[in-house]
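Chains, contacts and geometry: an overview
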Amino acid sequence: VLELVYMYAFRVTFKNYKIIAKQNYNSNFASKRRTMCKFSSETKDKIGNAMIYIAKRTNMLSKTKLIKLLYIMEERMVERHYTPFLAIPYEIWHLGPVQKDLFADLSDQLFLMHNYLEPYNVDSNKFFKARKEFSDDEFSQQEITVMDEVLAEFGNLSAGQLVSYLHREDSL
């Protein structure tokens, strides 16, 4: 029963957050960068290692694709196990859910994730590869399974296809 209450509260929070984020979308990108989250070192390690896991298992990993895959992992964990994956806040922008601090970090020179990812360019497009090996210290077996399932299902899709998927009616 507690798990169902948690899942309902999580869905309500995400839906309310979406409404607020949609109302605030008209602000410019500079205001979105105003203050970055102060992730704990444990949260930063978990996010960074999730990104490494994704980068080692996908090709041509763009900023949009990376952020969308993280969100799908978050959504899948809530749907299947009634618990968040990374428990970081997302905003809804016109291309779907975005974690604004990761978006800002991946858009410019890496600051938050500089120990985990290395950017490279192909035809003036920015992509990311893992800077070091994956560490599973922060992950449960359920989380590893969800990452594997999400990457098997969505890892070969383009960023545009992931955006389309996240605009579906039953998305959190």
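So, a few notes on the structure that sits alongside this text. For clarity, every value in this text was computed on a predicted model and none was experimentally measured.

**Quick word on the overall build of the chain**
Each helix and strand counted, the chain has seven helices and four strands in total. Here the chain holds 172 residues, and the buried ones make up 44% of them. Taking as baseline every contact in the chain between residues at least 6 positions apart, the subset at least 24 positions apart corresponds to 69%. For the chain, the computed accessible surface area is about 9300 Å², with 51% contributed by carbon and sulfur atoms.

**Section: the packing of helix H4 (residues 63-81) against helix H5 (residues 100-107)**
If you want to describe how two helices pack, look at the angle between their axes and the distance between the axes. Contact geometry for H4 and H5: axes closest at 10 Å, N-to-C directions at 155°. As summarised for this structure, H4 and H5 are arranged roughly antiparallel, according to the angle between their axes. Crossing angle aside, the handedness with which H4 passes H5 is right-handed. Contact residues: H4 offers Lys63, Leu66, Ile67 and Leu70, while H5 offers Leu102, Phe103, Leu106 and Ser107. Residue classes in the contact of H4 with H5 are distributed as six nonpolar, one polar and one charged.

**A short note on unusual backbone geometry**
With a phi angle near 60°, Tyr82 is a residue other than glycine that sits in the positive phi range. By the element assignment, Tyr82 lies in the loop between H4 and strand E1 (91-93). Assessed through its relative accessible area of 26%, Tyr82 is described here as partly exposed. Located in the positive-phi region is Asp123, a residue other than glycine, with phi close to 50°. For Asp123, the location among the structural elements is in the loop between strand E3 (117-122) and strand E4 (125-130).

**Observations concerning the side chain of Lys46**
Locating Lys46 in the fold gives a position in helix H3 (residues 41-57). A polar atom in the side chain of Lys46 sits 3.1 Å from the backbone oxygen of Phe85.

**What to know about helix H7 (residues 159-166)**
Among all positions in H7, only Ala159, Leu162, Val163 and Leu166 are buried. Down the axis of H7, the sector holding all buried residues measures 105°, keeping them to one side. On the buried face of H7, the contacting elements are H4, strand E2 (96-98) and helix H6 (141-154).

**What to know about the pairing of E4**
Note: E3 against E4, six bridges, orientation antiparallel. Bridging from a neighbouring strand, Tyr120 pairs with Phe127 of E4. Hairpin connection of E3 to E4: two residues between the antiparallel strands, including Asp123 at a positive phi of 50°.

Cut-offs applied
Residues numbered from 1 in each chain as written. Predicted model: local features only at pLDDT ≥ 70, side-chain atom pairs only at ≥ 80, totals over all residues. Heavy atoms only, no water. Helix = DSSP H or I, 4+ residues; strand = E, 2+ residues; numbered from the N terminus. Buried < 20%, exposed > 50% of the residue type's maximum accessible area, 1.4 Å probe, protein only. Contact = heavy atoms within 4.5 Å. Areas by Shrake-Rupley, 256 points an atom, 1.4 Å probe, with all protein chains shown as cover. Axes fitted to C-alpha atoms, helices over the stretch in contact; angles between N-to-C directions. Parallel < 35°, antiparallel > 145°, perpendicular 65-115°, else oblique. Left-handed = near helix turned anticlockwise from the far one by under 90°. Nonpolar A, V, L, I, M, F, W, Y, C, P; charged D, E, K, R; others polar. Polar contact = N/O pair within 3.5 Å; in protein donor to acceptor, adjacent residues only side chain to side chain. Arc of directions from axis to C-beta. Pairing = 2+ DSSP bridges.

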